[in-house]
Amino acid sequence: MSVLQSSSPNGLSKKLRFSPQRVVLRALLLGASLLVVPGDLIAQVDGQAVYDQWCAGCHGEDGAGAGPAANTMLPRPRDFTLALYQVRTTSSGELPTDADILKVINEGMPGTAMPGWEEVLTEAERLALVDYLKTFSRFFQGDPPTPLDFGRATSGGEDAIARGEEVYQSVECWRCHGQEGRGDGESAPTLNDDTGFPIFAADLTENWRFNGGGEVEEIYRVLRTGLDGTPMATFSDIVDAGVITNEDLWSLAHYVRSLSPEEEPSVEEVVTAQLLTDTPLPQTVEDVVWEEAERFYVPLSGQIVVQPRWFNPRVDAVWVQAVHDGQELALLVSWGDPSESPDTLWTDFGGQVVTTMGSDDEGAATGSGTADQLVVQFPQQLSEGQERPYFLQGDTRNPTYTWTWQSDIAGAFESIARGMGTAARQPDSEQHVRATAQHADGQWKVLFVRPLDTGSAEDLALTAGQAVPMAFQAWDGDNGESGSQGAVSTWYFLVLGQPTPVAVYVAPPVALALTLLFGLLVVRQAQVGSGMWREPDATARAKRAAKRKQLAGMGVGVIWLGMAFGSYQNSRAGWEAGHADLGFWWAIIGGLLAIAGLGALIGTWIHTRTSK
Amino acid sequence: MGALKSVFRLLGAPFRPISSVMGRFLNTPFRQATAVLLFSYVLIEVGIPFIPPVFGMPSAPIPNTVVLEYLIIAIVGILLWVSDNEQRWSEFKQPIHDILVQPDRRVARGALFVIVPALVAAQTYFSAQPDISAPPSFRAIHPAPPSSITFQGEQMVLDGLENPLRSAGSLEEHYETGKQVYYQNCLACHGDGLQGRGHYAPAFNPAPLSFQDAGTIAMLTESFVFWRIAKGGPGLPNEGAPWNSAMPAWENFLTADEIWSVIIFLYEQTGHDPRTWEVEGEEH
């Protein structure tokens, strides 16, 4: 019972109607959870108390989806009074089963603000919630719904995916989701949910954000049941009507799954720019180099730090790729954006978004239709310590140096910023960054190219091997984004790859040889010590000495040749990175080593021949 | 089975069914020492991460440096034990000496000559590769607070400061006000579970603070929490890495009462108690 007392230190818990039950339950469950939770204990949990404490902030105490946080979210929190549930195992238009509701409470709704509750609420609390949610609508008073039988998933593979793509075309998924699945279809700008709010067609290349879950079985379930309350319809009816087969629908699920990466991308703190030695630096977004270069995933969030804030960013992440050739850096940034803003087809949609997200913040946007924008941000100067400029375009003391690309201006420009929205464009004579952009199938690709060292003290110089802080900001003009109302990231690091140092080739053989030598010495010492070595006679000794000389000569020769190879590698890398002096000196060293190594080998060979 | 037999023979042990292996195999100090070392490694690497969940705390893998440190302690202990008496010490050394000297251990000796230098070479190869990791970051999560701050233009002494709302008005009302403030402003990052897992959290490094964690508000005074909310990331001293914190300076958005009420909400919702100031004179 000590748990009970210490949990209500201020006497407040006793006044709040929910707390005592919760505390008692927690205390009891703590003891009982290792055994079995008795059924009557579950019955004691007050679902309403749990709901009021943890759910009402978004869904509202009356369950109508209009809690205090609701207008910072799009899609809006579920309105339980309508009994419209997206994630179901039942036919479109039917109620969800208890298990369906529990699944969403447990796992949350990916891509929305709804989190999973398994770690915060006990199982008894979550079960009590399911019962309480159903009291918001009298539809649940009737018979419980029966779940559909989904059967087993068909096997995937290339054939299923190819068939799925045909189905994608024939049942016109592209009308909303677009040809490449990025939610840029012709109908996308006209979509509203059943409560009248604007809704985006899902970007099918990001399955970790699918409302109903991103695996094949879950996609198939959504295709069968639809996402009720949204424009995502059920496809059960056209299967029933014989337009496509059930297997076709599974193939479609396999195809949709194949549009996303196999695993949800992980976030790496360091973006590496590979050193190109054989290929020229890419000058277009379509260069084949980009098919090979590693892609780094950078998630973005709404800018909610300085006024006016923005709670509904369209760009949820950018993909970054970088290469350099020792002279220039090429940085390719790609991200999903259904429109090439300003696009009049999207003007109304963006207007609705701005109205829906209506902000009281000073200077908040009142309409949409500005340009799309991307900012790549660096510190203006690298600090000796770990200090960096403030991640939102720096401050007066510590400015940032930025590359800005806009969809309504060709190329990109460099600026110095001392705080969000204070970017001052550098004079034309000081502009060094070039940019080319392409918008296709709901995706922007912007390629920035800049000399590593521009020769200007104002611009950050990039050096191979050095970690340079880098951050990203993105705006979708057709989503009503401009100024401080956009999507932002915190700091990452850009590291330019450098030629493989000679130590990589030299150190391991040396370490190997030394370890071997040491081992031989130890063994010999032990064997001599235990009297296992007889004193050899003179001929045997001479023979052994000759053998030793031969081995030493060959060993030295091989090691020198190995070092010559390492020098050759360094020389080549030096030339290709534009350091002719380095290349030259390594070539000289390599040459001398090669001659010495060959000399040692040939000398040993001749010596062995003659002494025989 | 044949392969297993030869492995055992290589180690100098007769091959027997598992049941008798434990007793028979661990019959020399060297094998016992090896077994203890292996057992401690498994215990440290796999066993320790199971401990925090027993006390309801999240688990995490053990850093390699810590594993190394524990293993060194284990090795020192083992060496003390084997060298404790003369006979055990010489028995312990025997198999090592045998493998170096005995003609019937030639295969094992040869294997060691291949394996050890190869491992050393591989290790050298990987450590000679250029390092492309991020520079180390030294960030104090709870840096020392100032003794006073300027809040919205007015001087505010933090030392000894209590939450004024705890002695004024209805706590239930303050909780409700705080809840409104939290859901409208804090939720997107710190999340409705108060675990720092809001829908914007994945974009931020460092990640938003979890208030459920026993190492955050549970060990701070309310005045410290007020300072952090009011001044946010930009108000951190340099050791707190102010340039990377996405925490806004909430004095630009909220009144003092709104901040004090959201603090009440944080403690009530998580069930934590704030740390309190020692009252001067109480000890006398």
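### Focus: the domain arrangement of chain A
All names here are of chain A.
Consideration 1: One can read the domain layout of chain A as domain 1 (2–141), domain 2 (157–258), domain 3 (270–496) and domain 4 (503–611).
Consideration 2: Computed from C-alpha atoms alone, the centre-to-centre distance between domain 2 and domain 3 is 31 Å.
Consideration 3: Across the boundary between the two partners, domain 2 contributes 17 residues, which contact 16 residues of domain 3.
Consideration 4: On the domain 2 side of the interface with domain 3, the three residues burying the most area are R182, P189 and F200, jointly 43% of the side's total.
Consideration 5: The tally of links between domain 2 and domain 3 comes to one salt bridge.

### A short note on the confidence of the model for chain A
All names here are of chain A.
Consideration 1: On average, residues of chain A score 88 in pLDDT, and 92% of them are at 70 or above.
Consideration 2: In the model, residues 1–18 has pLDDT below 50 throughout and makes 28 contacts with residues more than four positions away in sequence or in other chains.
Consideration 3: Per-residue pLDDT stays below 50 along residues 32–38; that stretch engages in two contacts with residues further than four places along the chain or on separate chains.

### A closer look at the interface of chain B and chain A
Consideration 1: Contact with chain B, which involves 62 residues of that partner, is made by 72 residues of chain A.
Consideration 2: The contact between chain B and chain A buries some 5700 Å² in all, and 62% of this surface belongs to carbon and sulfur atoms.
Consideration 3: When the area that chain B buries against chain A is broken down by residue, the three leading residues are F113, Y200 and W243 of chain B, summing to 13%.
Consideration 4: If you look at where chain B meets chain A, you find one salt bridge.
Consideration 5: A salt bridge links E119 of chain A to R197 of chain B; the nearest nitrogen and oxygen atoms lie 3.1 Å apart.
Consideration 6: Where chain B touches chain A, the interface holds 13 residue pairs in polar contact (both at pLDDT 80 or more).

### Here we look at unusual backbone geometry
Residues and elements named next belong to chain A.
Consideration 1: Residue P308 is reached from Q307 by a cis peptide bond, and omega for that bond is -15°.
Consideration 2: Inspection of the secondary structure puts P308 in the loop between β3 (301–302) and β4 (317–324).
Consideration 3: Of note, the bond from S341 into P342 is cis; its omega dihedral lies within 30 degrees of zero at -5°.
Consideration 4: Mapped onto the secondary structure, P342 falls in the loop between β5 (328–336) and α15 (347–356).
Consideration 5: Although it is not a glycine, E172 sits at a positive phi angle of roughly 60°.
Consideration 6: Tracing the chain through its elements places E172 in the loop between α9 (157–170) and α10 (174–177).

### So, the environment of P261 of chain A
Residue and element names in this part refer to chain A.
Consideration 1: Position of P261 relative to the elements: it lies in the loop between α13 (246–258) and β1 (270–275).
Consideration 2: Among the residues examined, P261 registers a relative accessible area of 27% and is labelled partly exposed.
Consideration 3: Sequence-wise, P261 and N207 are 54 residues apart; in three dimensions their C-alpha atoms are separated by 8.1 Å.
Consideration 4: When near neighbours in sequence (up to four residues on either side) are disregarded, P261 contacts T205, N207 and W208.

### Some points on the pattern of salt bridges
Consideration 1: If you walk through the whole model with that rule in mind, you get 18 salt bridges over all chains.
Consideration 2: A salt bridge links R209 of chain A to D316 of chain A; its shortest N-O distance comes to 3.9 Å. Separated by 107 residues along the polypeptide, R209 of chain A in the loop between α10 and α11 (216–225) and D316 of chain A in the loop between β3 and β4 bring together distant segments of the chain.
Consideration 3: R166 of chain B is the partner of E222 of chain B in a salt bridge, and the nearest nitrogen-oxygen pair spans 3.0 Å. Note that E222 of chain B is positioned in helix α9 (residues 222–231) and R166 of chain B in the loop between β2 (154–157) and α8 (171–190), a separation of 56 residues in sequence.
Consideration 4: Residues participating in the shared-partner salt-bridge network are K103, E107 and E218 of chain A.

### Description of the nonpolar core
Consideration 1: Formed by 61 residues in total, the largest nonpolar core has its most connected members in Y51 of chain A together with Y182, F226 and I263 of chain B.
Consideration 2: Elements with a contribution of two residues or more to this core: α5 (47–54), α6 (56–59), α7 (98–107) and α8 (123–134) of chain A together with β1 (148–151), α8, α9 and α10 (256–270) of chain B.
Consideration 3: Beyond its immediate sequence surroundings of up to four residues, Y51 of chain A is in contact with A56, H59, G60, E61, G63, F80, L129, Y132, L133 and F136 of chain A.
Consideration 4: In terms of nonpolar packing, the next biggest core, distinct from the first, is built from 37 residues, V271, A273, V320 and I416 of chain A among them.

### Structural notes on helix α16 (residues 503–529) of chain A
Consideration 1: In this model, α16 of chain A (27 residues) spans 38 Å end to end at C-alpha, consistent with the 39 Å of a helix rising 1.5 Å per residue.
Consideration 2: Considering only its buried residues, α16 of chain A is in contact with α6 (86–101) and α7 (106–128) of chain B.
Consideration 3: At the exit of α16 of chain A stands G531 of chain A, carrying a positive phi of roughly 65°.

### Some details on the domain arrangement of chain B
Consideration 1: The domains assigned to chain B are domain 1 (2–128) and domain 2 (148–270).
Consideration 2: Between the C-alpha centres of domain 1 of chain B and domain 2 of chain B the distance comes to 51 Å.

### Considering the environment of P202 of chain B
Consideration 1: For P202 of chain B, the location among the structural elements is in the loop between α8 and α9.
Consideration 2: P202 of chain B sits in the exposed class, given a relative accessible area of 57%.

### Focus on the pairing of strand β2 (residues 296–299) of chain A
Residue and element names in this part refer to chain A.
Consideration 1: The alternating pattern of β2 places F296 and V298 and Y297 and P299 on opposite faces, both of which are buried.
Consideration 2: Bridge analysis of β2 against β4 gives four bridges, and the strand direction is antiparallel. Bridge pairing in β4 places P299 opposite A317.

### What to know about the packing of helix α3 (residues 29–47) of chain B against α6 of chain B
Residues and elements named next belong to chain B.
Consideration 1: Contact geometry of α3 with α6 gives a least axis separation of 7 Å together with a crossing angle of 80°. As the angle between them shows, α3 and α6 are arranged roughly perpendicular. Two secondary-structure elements touch here, α3 through P29, F30 and A33 and α6 through R88, E91, F92, P95 and I96.
Consideration 2: Across the contact of α3 with α6, the residue classes tally to six nonpolar, no polar and two charged.

### Thoughts on the side chain of D184 of chain A
Residues and elements named next belong to chain A.
Consideration 1: Structurally, D184 is set in the loop between α10 and α11.
Consideration 2: Although D184 is buried, it forms no salt bridge, and the closest oppositely charged side chain is R182 at an N-O distance of 6.6 Å.
Consideration 3: Reaching out from D184, the side chain makes a polar contact with the backbone nitrogen of G442 at a distance of 3.0 Å.
Consideration 4: Contacts of D184, omitting those with residues within four sequence positions, involve C176, H177, G178, Q179, P338, D441 and G442.

### Quick notes on helix α18 (residues 580–611) of chain A
An α-helix turns once per 3.6 residues; consequently, residues spaced three or four apart project the same way.
Residue and element names in this part refer to chain A.
Consideration 1: In a regular helix each residue adds 1.5 Å, so 32 residues correspond to 46 Å; α18 covers 46 Å between its end C-alpha atoms and thus fits that length.
Consideration 2: If you check which residues of α18 are buried, you get G583, G590, L593, G597, A600, T604 and T608.
Consideration 3: Residues of α18 that are buried make contact with α17 (538–576).

### As for the state of the cysteines
Structurally, a disulfide amounts to a covalent bond that connects the sulfur atoms of two cysteines.
Consideration 1: In this structure the tally under the stated criterion is zero disulfides over all chains.
Consideration 2: C176 of chain A takes part in no disulfide bond, and the closest cysteine sulfur, belonging to C173 of chain A, lies 9.2 Å away.
Consideration 3: Note on C176 of chain A: relative accessible area 21%, which makes it partly exposed.
Consideration 4: Free cysteine C189 of chain B: the closest other cysteine sulfur is in C186 of chain B, separated by 9.0 Å.
Consideration 5: With relative accessibility at 12%, the residue C189 of chain B sits in the buried group.

Calculation criteria
- Residues numbered from 1 in each chain as written.
- Chains lettered and ligands numbered in written order.
- Predicted model: local features only at pLDDT ≥ 70, side-chain atom pairs only at ≥ 80, totals over all residues.
- Heavy atoms only, no water.
- Domains from an automatic or database assignment.
- Contact = heavy atoms within 4.5 Å.
- Buried area = accessible area lost by both parts, 1.4 Å probe.
- Salt bridge = Lys/Arg side-chain N within 4 Å of Asp/Glu carboxyl O.
- pLDDT = per-residue confidence, 0-100.
- Polar contact = N/O pair within 3.5 Å; in protein donor to acceptor, adjacent residues only side chain to side chain.
- Helix = DSSP H or I, 4+ residues; strand = E, 2+ residues; numbered from the N terminus.
- Buried < 20%, exposed > 50% of the residue type's maximum accessible area, 1.4 Å probe, protein only.
- Core = buried A, V, L, I, M, F, W, Y, C linked by side-chain atoms within 4.5 Å.
- Expected span 1.5 Å × (residues − 1).
- Pairing = 2+ DSSP bridges.
- Axes fitted to C-alpha atoms, helices over the stretch in contact; angles between N-to-C directions.
- Parallel < 35°, antiparallel > 145°, perpendicular 65-115°, else oblique.
- Nonpolar A, V, L, I, M, F, W, Y, C, P; charged D, E, K, R; others polar.
- Lys, Arg positive; Asp, Glu negative; His and termini not counted.
- Disulfide = S-S within 2.5 Å.

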